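Chain and residue survey
Listed below, chain by chain, are the residues.
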Amino acid sequence: MTAVLEVEALTRSFGGLKVTRGVNLRLEPGERHLIIGPNGAGKTTLFHLIAGDLRPDSGSIRLAGRDVTPSPTAARAQQGIARTFQILTLFGRDTLLHNVMLALMGKSPMRWRPWGGFGGHRPLRERALRQLEAVGLADKAELPLEQTSYGEKRRLEIAMALAQDPLLLLLDEPFAGLSAEERGTVHALLGSIARDITVLMIEHDMDVALALADRITLLHYGEVITAGTRQQVVDDPRTREIYLGH
Ligand SMILES: Nc1ncnc2c1ncn2[C@@H]1O[C@H](COP(=O)(O)OP(=O)(O)OP(=O)(O)O)[C@@H](O)[C@H]1O
């Protein structure tokens, strides 16, 4: 089977600091893969390299069999890589519905016509509503974003990434900053993502993230220390030593 993501011998330095050292990663279709590692391990840098925000010094990245190493971020997004939007870039005064419609437009052939407003975009509106429904926010569709809670914003970010109908969804710490209750909601939401979407997630909160992961990669100083099934990585003494601290 063709892997959805194949990262081979990826390296990246900042000045003299080697932040990504020969990283290999392979995600099968539908896999939920968790990246763990202490602060500064190079997790976010790896995401930037996969999404195209950073260029590797060497190595390659294949998406569904296609080499995307030279492709810029926008081209990779078109080919199926979605990241959760940084909420700060969203439109706070605009409604949740319009924010999702904008995310849908990012991938639709329809051009954004500011003078036309959203009026003529009924199919788009309906698709956006369905995305909001899928993350339990349909009843808040007409609320301005700034009137929603932190947990709701996180769910909106996920809805916007899913709206792009990705092959591969990159989630950078989806549980960060959430209350216990909100973590439960986001956990259920991530658990309900269709298996035709492959998920790569960075997460510090092992308690919530572990249950979602099929496979785990442990990074330390930019290197893959161990990788395998959830059980293999959790049982690996190196994981305890490096990550769990005992
Ligand atoms: N643009 C940059 N310029 C210089 N150094 C950088 C840059 N980006 C990251 N680094 C360094 O690379 C190392 C890895 O950073 P990265 O953010 O990828 O780690 P991380 O595993 O995501 O850490 P955290 O869990 O703290 O978010 C750190 O030492 C960081 O200071």
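Computed from a prediction, not measured in an experiment: that's the story for all the values here. (Residues numbered from 1 in each chain as written. Predicted model: local features only at pLDDT ≥ 70, side-chain atom pairs only at ≥ 80, totals over all residues.)

**Remarks on the nonpolar core**
Filter applied, for reference: Here a nonpolar core is just a set of buried residues of the types Ala, Val, Leu, Ile, Met, Phe, Trp, Tyr and Cys, joined wherever their C-beta atoms sit within 7 Å. Residues are called buried when their C-beta atom has 20 or more other C-beta atoms within 10 Å, exposed when it has 12 or fewer, and partly exposed otherwise; all C-beta atoms are positioned from the backbone. An automatic or database domain assignment is the source of the domain bounds shown. Whether two residues are in contact is decided by their C-beta atoms, placed from the backbone, lying within 7 Å.
Val100 and Ala159 are the most contacted members of the largest nonpolar core, which totals 56 residues. The two domains that each donate at least three residues to this core are domain 1 (1–80 + 166–246) and domain 2 (87–165). In this view, valine 100 contacts Ala128, Gln131, Leu132, Ala159, Met160 and Ala163; residues no more than four positions away in its chain are not counted.

**Overview of the environment of arginine 215**
We count it as follows: Helix and strand labels come from DSSP, where a helix needs a run of H or I of at least four residues and a strand needs a run of E of at least two; each type is numbered from the N terminus.
As for its position among the elements, arginine 215 is in strand β9 (residues 215–220). Remark: the alpha-carbon pair of arginine 215 and asparagine 24, spanning 191 residues in sequence, is separated by 14 Å. When sequence neighbours within four positions are dropped, the list of residues in contact with arginine 215 reads Glu31, His33, Gly228, Thr229 and Arg230.

**Looking at the environment of isoleucine 61**
By the element assignment, isoleucine 61 lies in strand β4 (residues 58–63). For the pair isoleucine 61 and proline 144, spaced 83 residues apart in the sequence, the C-alpha separation amounts to 38 Å.

**A few points about the sheet that holds strand β1 (residues 5–14)**
Note the following rule: A pair of strands is labelled paired if DSSP reports no fewer than 2 bridges between them. Note on geometry: axes are lines fitted to C-alpha atoms, helical ones only across the stretch in contact, with angles between N-to-C directions running from 0 to 180 degrees.
Strand order in the open sheet formed by 4 strands is β2-β1-β4-β5, and the pairing between neighbours is antiparallel. Among the strands making up the open sheet, the edge pair consists of β2 (17–27) and β5 (66–67). Across the sheet, helix α1 (residues 43–51) touches β1, β2 and β4, and the angle it forms with β2 is around 65 degrees.

**Concerning the pairing of β2**
Two elements, β1 and β2, share 8 bridges in a ladder whose sense is antiparallel. Across the sheet, leucine 5 pairs through a bridge with leucine 27, a residue of β2. Remark: 2 residues form the turn of the hairpin made by β1 and β2, two consecutive strands paired antiparallel; glycine 15 in that turn has positive phi of roughly 60 degrees.

**What about the site of the ligand?**
So the rule is basically this: Only the C-beta atom, placed from the backbone, is used; a residue is near a molecule or strand if that atom lies within 6 Å of it. Throughout this entry, Asp, Glu, Lys and Arg are counted as charged residues, while Ala, Val, Leu, Ile, Met, Phe, Trp, Tyr, Cys and Pro are counted as nonpolar. The remaining residues, Gly among them, count as polar.
In the vicinity of the ligand, the contacting residues are Phe14, Leu17, Val19, Gly37, Asn39, Gly40, Ala41, Gly42, Lys43, Thr44 and Thr45. Secondary structure elements with two or more residues in the shell around the ligand: β2 and α1. The greatest single-element share of the shell around the ligand, amounting to 3 residues, is contributed by α1. Residue composition of the shell around the ligand, grouped by class: 4 nonpolar, 6 polar and 1 charged.

**Brief notes about α1**
Those residues of α1 lying buried are Lys43, Thr45, Leu46, His48, Leu49 and Ile50. One or two positions beyond α1, positive phi appears at glycine 52, with a value near 100 degrees.

**What to know about the domain arrangement of the protein chain**
Assigned domains of the protein chain: these are domain 1 (1–80 + 166–246) and domain 2 (87–165). When each unit is reduced to the centre of its C-alpha atoms, the spacing between domain 1 and domain 2 is 26 Å. Taken together, the contact pairs 11 residues of domain 1 with 9 residues of domain 2. At 4 residues, helix α6 (residues 180–191) tops the list of elements feeding residues into the side of domain 1 that touches domain 2.

**Considerations on the pairing of strand β7 (residues 168–172)**
We apply this condition: Look down the strands so they point away from you; if the path from the first strand over the helix to the second goes clockwise, the crossover is right-handed.
Of all the 5 residues making up β7, 4 are buried; the element is thus mostly covered by neighbouring parts of the structure. Relative to β7, strand β6 (residues 81–83) is paired through 3 bridges, and the arrangement is parallel. Paired with alanine 82 across the strands is leucine 169, a residue of β7. Here 5 bridges tie β7 to strand β8 (residues 198–202), and the two strands are oriented parallel to one another. Looking across to β8, one finds that leucine 171 is bridged to methionine 201. Remark: the β7/α6/β8 crossover connection has right-handed handedness.

**Digging into the confidence of the model for the protein chain**
The test is simple: Per-residue confidence from the prediction method is given by pLDDT, with values spanning 0 to 100.
Here the protein chain shows a mean pLDDT of 89. Residues at 70 or above account for 90%. ipTM for the predicted complex: 0.96, alongside a pTM of 0.90.

**Comments concerning the environment of valine 233**
Mapped onto the elements, valine 233 comes out in helix α8 (residues 230–235). Of the residues examined, valine 233 has 22 C-beta atoms within 10 Å and is grouped as buried. Here the alpha-carbon distance between valine 233 and leucine 218, two residues 15 residues apart in the chain, equals 7.7 Å. The residues touching valine 233, leaving out its near neighbours within four places in the chain, are Ile216, Leu218, Thr226, Ala227, Gly228 and Thr239.

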